[in-house]
Every structure is written in structure tokens, then in C-alpha cells.
Amino acid sequence: MSIHLIIVCLLSLLMVSFSSCKKDEPEEEEEEETLSEVRLNSVFIEHFEETDENDQPWDVNDGPDLWVQVARQTTVLWESEVHENANQSTIYDFHVDSNVEFENFDEEYTLRLFDLDEDGESTLMNNAHFSPSQYISTGSGSEWYISKGFGFQCELFVELVYE
Ligand SMILES: [Ca+2]
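Given the structure is predicted, the values throughout are model-derived calculations rather than measurements.

Caption draft 1: Just the overall build of the protein, in detail. When you go through the protein residue by residue, the secondary structure sums to two helices and eight strands. Ordering the α and β elements of the protein from the N terminus gives α-β-β-β-β-β-β-α-β-β. Per-residue burial for the protein yields a buried fraction of 17% across its 163 residues.

Here it is as C-alpha cells:
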């Protein structure tokens with residue numbers, strides 16, 4: 001074997017080991033998925049106060065005409081359609097059609113329940129404050145339960161988007 005051939009052999013060996021070295025480099029570690037978006041899909045009103053603060057029924061003829069609102073401070077993010085003549089033994093599902101997103105997990109949001117009156121005005125029946133982080137940190141998943149005693153109980157169904 002000529003010295004020339006030996007050098008060529010050595011060089012190619014070196015190149016092979018160099019390229020295999022590169023191949024063996026560990027792939028970039030997969031980044032942990034982080035929660036990037038929380039969207040509101042539905043609000044379920046499971047129980048509402050039967051009467052107002054004066055012990056009067058919300059609607060003298062039939063049940064209250066329910067609708068809900070989600071707000072951040074003074075900004076209204078979403079308002080639902082109306083479920084007419086609601087009764088105590090039914091759970092009401094208010095589906096969110098538009099894209100409602102809780103952008104800041106630490107911020108406080110407000111859920112309000114109204115009765116739509118015949119004159120077109122609405123009476124606030126109850127409200128509750130919540131912040132997404134309180135549900136995220138406790139691993140509540142996609143169902144957020146809100147309760148103010150037995151009088152007002154509801155559940156938010158959310159979609160958690162990870163990146
Ligand atoms: Ca009614």
C-alpha cells in the first residue's frame with residue numbers, strides 16, 4: 001500500500017468518524033408544552049336564585065329569561081342568547097359561537113347572569129368573579145366550576161391550547 005493510499009484511507013476514516021460524530025449529537029431537547037390560549041366554549045347555568053333580594057319572583061308570569069355575559073373589567077367579551085322562562089330543574093347551556101379568549105390568566109373576569117325583562121331592560125340576577133389562573137394552577141382541566149353557595153352555580157367549559 002502506497003503512502004498516498006494510506007493517507008487517503010486515513011482521511012476518509014476521519015471524515016466518516018467526523019460525520020458520524022455529528023449524527024450522534026443529541027437532538028435538541030423537546031421543549032415542554034406551555035399553555036398559550038384558553039378559549040371559552042360554553043357556560044352552563046346549573047342553578048340560579050329563585051327570587052330576587054326582596055323575595056319576589058324574577059318574572060311574575062313565568063320563569064326568568066336568562067342570558068349571561070362575560071366581562072373583563074369594563075370590557076364585555078361576550079353576551080349569550082336568551083333562554084326564556086327558565087325553571088329550577090333545568091341546566092341551561094349557553095354555547096359560545098364567537099371566539100372568546102381569556103388572554104391574561106391572572107386577570108379577573110366577571111360572569112353575570114341576567115333576566116331579560118319585557119320592557120327590554122335586564123335585571124342582574126347574580127355575578128361571580130374568577131381568574132383563569134386559579135383553575136389552571138389547580139389542574140381543573142377544561143371544566144371550571146363556579147359556585148356562590150347553593151344559590152348560584154355554574155360551570156365554564158373551556159378549551160386549553162398548548163404550544
Ligand atoms: Ca319569562
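Caption draft 2: Spotlight on the sheet that holds strand β3 (residues 75–79). With respect to topology, four strands assemble into an open sheet ordered β3-β2-β5-β6, the strand pairing being antiparallel. With one partner strand each, in any of the chains shown, β3 and β6 (122–130) form the two edges of the open sheet. With direction set aside, neighbouring strand axes in the sheet form an average angle of 25°.

Caption draft 3: Focus on the nonpolar core. Counting residues in hydrophobic clusters, the biggest one holds 23 residues, and the most contacted among them are Leu40, Val43, Ile45, Val68 and Leu113. For Leu40, the contacting residues outside a window of four places in its chain are Val70, Trp78, Val96, Val100, Phe102, Leu156 and Val158.

Caption draft 4: Summary view of unusual backbone geometry. Within the chain, Gln73 stands out as a residue other than glycine whose phi angle is a positive 55°. By the secondary structure assignment, Gln73 is in the loop between β2 (66–72) and β3. Since 9 C-beta atoms lie within 10 Å of it, Gln73 is described here as exposed.

Caption draft 5: Quick peek at the sheet that holds strand β8 (residues 152–162). Within the open sheet, the four strands sit side by side as β4-β1-β8-β7. Their pairing is antiparallel. Strands with a single pairing partner mark the edges of an open sheet, and in this sheet they are β4 (92–101) and β7 (143–148). For this sheet the average axis-to-axis angle between neighbouring strands, irrespective of direction, equals 20°.

Caption draft 6: Focus on the environment of Glu31. Its place among the elements puts Glu31 in the loop between α1 (3–24) and β1 (35–47). With 132 residues separating them in the primary sequence, Glu31 and Glu163 have C-alpha atoms 9.3 Å apart.

Caption draft 7: View of the pairing of β8. When β1 meets β8, the two strands line up antiparallel, connected through ten bridges. Directly across from Ser42, in β8, lies its bridge partner Phe157. Inspection of the sheet shows β7 paired to β8 by six bridges, in the antiparallel sense. When the sheet's bridge partners are listed, Ile146 is paired in β8 with Cys154. Counted between consecutive antiparallel strands, the loop separating β7 from β8 contains three residues, among which Gly149 sits at a positive phi close to 65°.

Thresholds, definitions, all that
- Residues numbered from 1 in each chain as written.
- Predicted model: local features only at pLDDT ≥ 70, side-chain atom pairs only at ≥ 80, totals over all residues.
- Helix = DSSP H or I, 4+ residues; strand = E, 2+ residues; numbered from the N terminus.
- Buried ≥ 20, exposed ≤ 12 C-beta atoms within 10 Å, placed from the backbone.
- Pairing = 2+ DSSP bridges.
- Axes fitted to C-alpha atoms, helices over the stretch in contact; angles between N-to-C directions.
- Core = buried A, V, L, I, M, F, W, Y, C linked by C-beta atoms within 7 Å.
- Contact = placed C-beta atoms within 7 Å.

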